[in-house]
Amino acid sequence: METVYLQGTPCHTYGTLPAVGEKAPCFNLVDSNLKDIRCNDFFGRTVVLNIFPSLDTEVCAASVRRFNKEAAELPNVSVVCVSMDLPFAAKRFCTAEGIKDLTVASAFRSPMFGQKYGLELVDGPLAGLLTRAVIIYDPDLKIIYEELVPEITSEPDYRAALAVLKHEK
């Protein structure tokens, strides 16, 4: 169990975030067109999992915009933005924002995603949603970066994540 905060109120997760050096758990999510997305779809690529509670908040939306602009343009990098948002909401957001260079993925059919990655909130006002984190794994599915953002309303450390990606290249 991890502890994160929502505007200072402690919230807890189911399990713990996988550590750098561990193999990334495989996943099965749903894209904005209701098609399955699996970890194998990104075989041979470095993957950024940008995980957050909902696109309906400014901080979550900002992280999608930032990774779309800076990480998705790097060679051999796929960015997957994961939340419990319904695929229709993700599609509407991406269309309105002109987001085209990353994959939005919903875990609404896959509660095991939040549990395998230790990111499902089990208490607090956002219980049942995913907390904010960034996980990067290399083409061999080895985790090379992880950040569990301690305050859910804060943005992740983009500079650190991007530095890892640029070093990988």
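A short tour of the structure in this document, coming up. Predicted, not measured: the structure shown is a model, and the values here were computed from it.

1. Re the nonpolar core
Counting residues in hydrophobic clusters, the biggest one holds 29 residues, and the most contacted among them are F27, L49, V82, F113 and Y137. Residues C60, L102, I144 and L165 belong to the second largest nonpolar core, which totals 26 residues.

2. A look at the environment of N33
Mapping N33 onto the fold places it in the loop between β3 (28-31) and β4 (36-38). Spatially, the C-alpha atom of N33 lies 13 Å from that of D85, the residues being 52 residues apart in sequence. Within the structure, N33 has its side chain in polar contact with the side chain of K91 (distance 2.7 Å).

3. Some words on the pairing of strand β1 (residues 3-6)
Of the two faces of β1, only one is covered, namely that formed by V4 and L6; the face formed by T3 and Y5 stays uncovered. As defined by bridge partners, β1 adjoins strand β2 (residues 9-12) across 4 bridges and the pair is classed as antiparallel. Directly across from T3, in β2, lies its bridge partner H12. Once β1 ends, the chain turns through 2 residues before running back antiparallel as β2, passing Q7 with a positive phi of about 50°.

4. Overview of the state of the cysteines
Following the criterion strictly, the structure yields 1 disulfide and no others. Shown here is the disulfide that connects C26 with C39, its sulfur atoms set 1.5 Å apart. Highlighted residues: C26 in the loop between β2 and β3 and C39 in the loop between β4 and β5 (46-51), separated in sequence by 13 residues.

5. Side note on the sheet that holds strand β9 (residues 143-148)
Ordered by their spatial adjacency, 7 strands build an open sheet running β4-β3-β7-β6-β5-β8-β9, and the pairing between neighbours is mixed. Strand pairing shows two members of the sheet lacking a second neighbour, β4 and β9, which therefore form its edges. For this sheet, the mean inter-axis angle between neighbouring strands, taken without regard to orientation, is 30°. Set on the sheet, helix α1 (residues 58-70) makes contact with β5, β6 (77-83) and β8 (133-137); between it and β5 the angle comes to about 160°.

6. Points about empty space enclosed by the protein
With the rule as written, the count across this model stands at 1 cavity of 30 Å³ or more. The wall of the largest cavity is formed by F52, L55, C81, S83, D85, A90, V104, A105 and S106. Sorting the residues of the lining of the largest cavity by element identifies β6 and β7 (103-106) as the ones contributing at least two each. Each residue belonging to the lining of the largest cavity can be placed in one class, and the counts come to 6 nonpolar, 2 polar and 1 charged.

What counts and how
Residues numbered from 1 in each chain as written. Predicted model: local features only at pLDDT ≥ 70, side-chain atom pairs only at ≥ 80, totals over all residues. Heavy atoms only, no water. Core = buried A, V, L, I, M, F, W, Y, C linked by side-chain atoms within 4.5 Å. Buried < 20%, exposed > 50% of the residue type's maximum accessible area, 1.4 Å probe, protein only. Helix = DSSP H or I, 4+ residues; strand = E, 2+ residues; numbered from the N terminus. Polar contact = N/O pair within 3.5 Å; in protein donor to acceptor, adjacent residues only side chain to side chain. Pairing = 2+ DSSP bridges. Disulfide = S-S within 2.5 Å. Axes fitted to C-alpha atoms, helices over the stretch in contact; angles between N-to-C directions. Contact = heavy atoms within 4.5 Å. 1 Å grid on protein atoms, 1.4 Å probe; cavity = no way out; pocket = protein on both sides within 12 Å on 5 of 7 lines; lining within 4 Å. Points joined across faces, edges and corners; volume = space filled by probe spheres on them. Nonpolar A, V, L, I, M, F, W, Y, C, P; charged D, E, K, R; others polar.

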